[in-house]
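# Examination of the molecular architecture
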Amino acid sequence: MAMSLADLLLPLFLLVFLTRSRSQCPTNPSAIVNDTQVLLSLRDRLGIKVWIETANPRAWRGVEWSSDNQVEGLALSRFNLSGVFPATWAELPSLARLDLSQNGLSSLEVPCKNTQLNLLNLSSNSLQEFPGNLSSLESLESLDLSGNNLTVARLPKFSLTLRSLNLSINNLTGSFSIGGNLGLETLELSQNGLSGSIPETFGEMTNLTRLDISYNRFRGDLPDIWSKNLELRYMRISENSLQGGLPPSLRRLRKLSELRAAYNSLSGPLELEDGDFASIEVLHLGLNGFSGTIPATLGNLRNLKILVLMGNRFSGAIPLELGNWSNIREIWLDSNNLTGTIPGELSKLSHLQKLVLRGNRFSGAIPPELGNWSNIREICLDSNNLTGTIPGELSKLSHLQRVVLTGNRFSGAIPPELGNWSNIREIWLNGNDLTGTIPGELSKLSHLQQLVLSSNDIGGELPSGLSNCTELVILGLDQNKFSGNLPDSFGNLSRLLLLSLSSNDLVGSIPAILQNMSSLQFLFLDNNSFSGSIPDWLPRLTNLRAMNFSVNRFSGEMPESIGRLFANVQLYDQNKRSVMIQTEQGLVYNGFAFPTSIDFSFNQLTGSIPAAIGDLYKLQGLYLSHNQLTGPIPESLGKARNLSWVELASNRLNGSIPSSVADLSFLTIFDVSNNNLVGRIPDSPQLSPMDAALFAGNQLCGFT
């Protein structure tokens, strides 16, 4: 048999390596030779290019050596492996860990017997069935097959040593059978298509510490089978179709610290007896059908850190006993039918970081003593019937990052003391009855990203000091009583994405310095008394995707520069509903979630529609109605191929509707009523189904 160059060089290299110096001399020179030969065989079979003969094998990426020069681990995650992983690996006599995750393997060859391997990770590959001979891995303790394409829900028999099994994110369907693998400590089956009732054999797994069957299709009552699961600590059963209540055997598990059962059909009263959930730290029962009152016995759960009861049918008041919690971090009681006042006893929760009570029917004032919280980060009390003023005592909440009081009936002025919120990121006070002015002290909030005061009765001039809040991303001041001019200083808000000043009493022209707002995507100035011309510098706002200048007093002609708008924006996708999304880089705009639009309607614009409007290939909404525009509709309009809404009504346009309009295949509204148009309406599958009223008040023909 002919010898390869590698066969010739390897012994020579190892001889040099093994005789370097006494301090570096391996304790088991024969082992490294044998194991290296096995590794080279694997390399040649699998095409692992990073293992080079001329390099020290102990430095090969993914190879873990023991102190006596035997391979004890292979960490080959993301090695771009594919096909079948050969059984050659079993020739490594000390191999205990084999990590083949995140490759494209279709199978793993397993020898008839192996007594060393205790960890096997095949997650995120392309396996369609369990590898054969898994029971021959006599020392296997951890097996991860998650993120593959397994379909059979009946487990093969594994070694009695197996303690952890992960089959999540596969295509397992039907009823699940645990087989004889009752010694498992961890069983993860989430994100499959498993159905039927929860197997009663789960209750026989006396070593079980972690069970995750979330995101499946299990149905029926949550069974009362858990009395033998004395070691169970983590149970996740969310996103199924489970019914009934929480069975006594589950509630009485002394070591259970986390129960997540959200998004099911659990119902009835939440029954808790003394001693139930003795060690519980996370209790997530959100989005079920629980009803009745919140039990006062919840206050006995002294280890509880996170309580989520959102989206149920709880009614009545918050029990005062909840103020007894000593470790609570988060309370989510939103979207229920809770009534009464917010108990001042909650102020005793010194570790509380998040309180979410939105979407209930709470009334009365915010207790001033809540200002004693020392660790609170987020308060959401929106969509209730709360009244009174915003307590100045809340200014003592030095760690507060987000406060949402939207949709209540708070009155009075914004307390100037809120300028002490040194860590605040979001302030949402919209939809109340607040009066007065914006306190100048808010200009000290250097970390503020979102300030939304819309739909109140706040007045006075816009404070120029808000420009000091250079982290602002959203500034919503619409539907108030602000007056005066738009401050030049707002041009310093270079990170601002949305500026909404609609429905106020603002006057004057738009300051040219606003072109420095380089991140701006939404500019809403409608329903004010702004005047002057439409700025020709708008295209310099290269991220702008929607502007509304309607119902003002703008005059003059539209600038030709308008044809350079929207060059950098993405088109609207109606499936992308979330406008703002949180990323590792902070709050960013989801660029697909709002259509590109120009709204100059209800002004005093004159002249013709610029031919450059046809250059706006990404424009989706054009609203120019109720102005004094003259001349023909430009033929170039048909080049703006993504237009869906065109409103040109109540102007003085003449000529005919250009034939190019028939090229607008996304067109749903084309309103040219009350102009001086003549001729035949172009034959178009988009125009023909439209209401005749959209063409009325002209001398047009051809509409059927």
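Here, the structure is the one placed above.
Residues numbered from 1 in each chain as written. Predicted model: local features only at pLDDT ≥ 70, side-chain atom pairs only at ≥ 80, totals over all residues. Heavy atoms only, no water.

## A few points about the sheet that holds strand β49 (residues 652-655)
Each strand in a sheet pairs with another by means of backbone hydrogen bonds, the pair being arranged parallel or else antiparallel. The condition is simple: When DSSP locates at least two bridges between a pair of strands, those strands are taken to pair. Under the DSSP-based scheme used, a helix requires at least four consecutive residues in state H or I and a strand at least two consecutive residues in state E, with every element numbered from the N terminus. Angles here are taken between N-to-C directions and fall from 0 to 180 degrees, while the axes themselves are lines fitted to C-alpha atoms, restricted in helices to the stretch in contact.
Read across the sheet, four strands follow the order β47-β49-β51-β52 without closing on themselves; strand pairing throughout is parallel. Edge strands, defined here as strands with exactly one partner in the open sheet, are β47 (630-632) and β52 (699-701). In this sheet, adjacent strand axes meet at a mean angle of 25 degrees when their direction is disregarded. Here two bridges tie β49 to strand β51 (residues 676-680), and the two strands are oriented parallel to one another. For N654, the partnering residue across the bridge sits in β51 and is N676.

## A closer look at the pattern of salt bridges
Applicable threshold: Counted as salt bridges are all cases of a side-chain nitrogen of Lys or Arg within 4 Å of a carboxyl oxygen of Asp or Glu. Between buried and exposed lies partly exposed: a residue is buried under 20% and exposed over 50% of the maximum accessible area for its type, with that area taken using a 1.4 Å probe on protein chains only.
Under the definition given, this model contains 19 salt bridges. With its nearest N and O atoms 2.7 Å apart, the salt bridge here joins E258 to R236. A residue pair is termed long-range when its members are at least 10 positions apart, and E258 in strand β16 (residues 258-260) and R236 in strand β14 (residues 234-236) qualify at 22 residues. Owing to a relative accessible area of 8%, E258 belongs among the buried residues under this scheme. Put simply, E426 and R402 hold a salt bridge, and the shortest N to O gap is 2.7 Å. Here R402 lies in strand β28 (residues 402-404) and E426 lies in strand β30 (residues 426-428), a separation of 24 residues in the sequence. A cluster of three or more residues bridged by salt bridges with shared partners is formed by K354, E378, R402 and E426.

## Points about the side chain of Q450
We apply this condition: For the purposes of these results, a polar contact is taken to be a pair of N or O atoms within 3.5 Å, where, inside protein, one atom must be able to donate a hydrogen and its partner to accept one; residues adjacent in sequence count only when each atom of the pair is a side-chain atom.
Topologically, Q450 is positioned in strand β32 (residues 450-452). A relative accessible area of 4% means that Q450 is categorised as buried. Of note is the side chain of Q450, whose polar atom sits 3.3 Å from the side chain of E426.

## Side note on the sheet that holds strand β23 (residues 337-338)
Read across the open sheet, the eight strands follow the order β9-β11-β13-β15-β17-β19-β21-β23; overall the sheet is parallel. One side of each edge strand has no neighbouring strand; the edge strands of this open sheet are β9 (173-174) and β23. Bridge analysis of strand β11 (residues 193-196) against strand β13 (residues 217-221) gives two bridges, and the strand direction is parallel. Paired with G196 across the bridge in β13 is F218.

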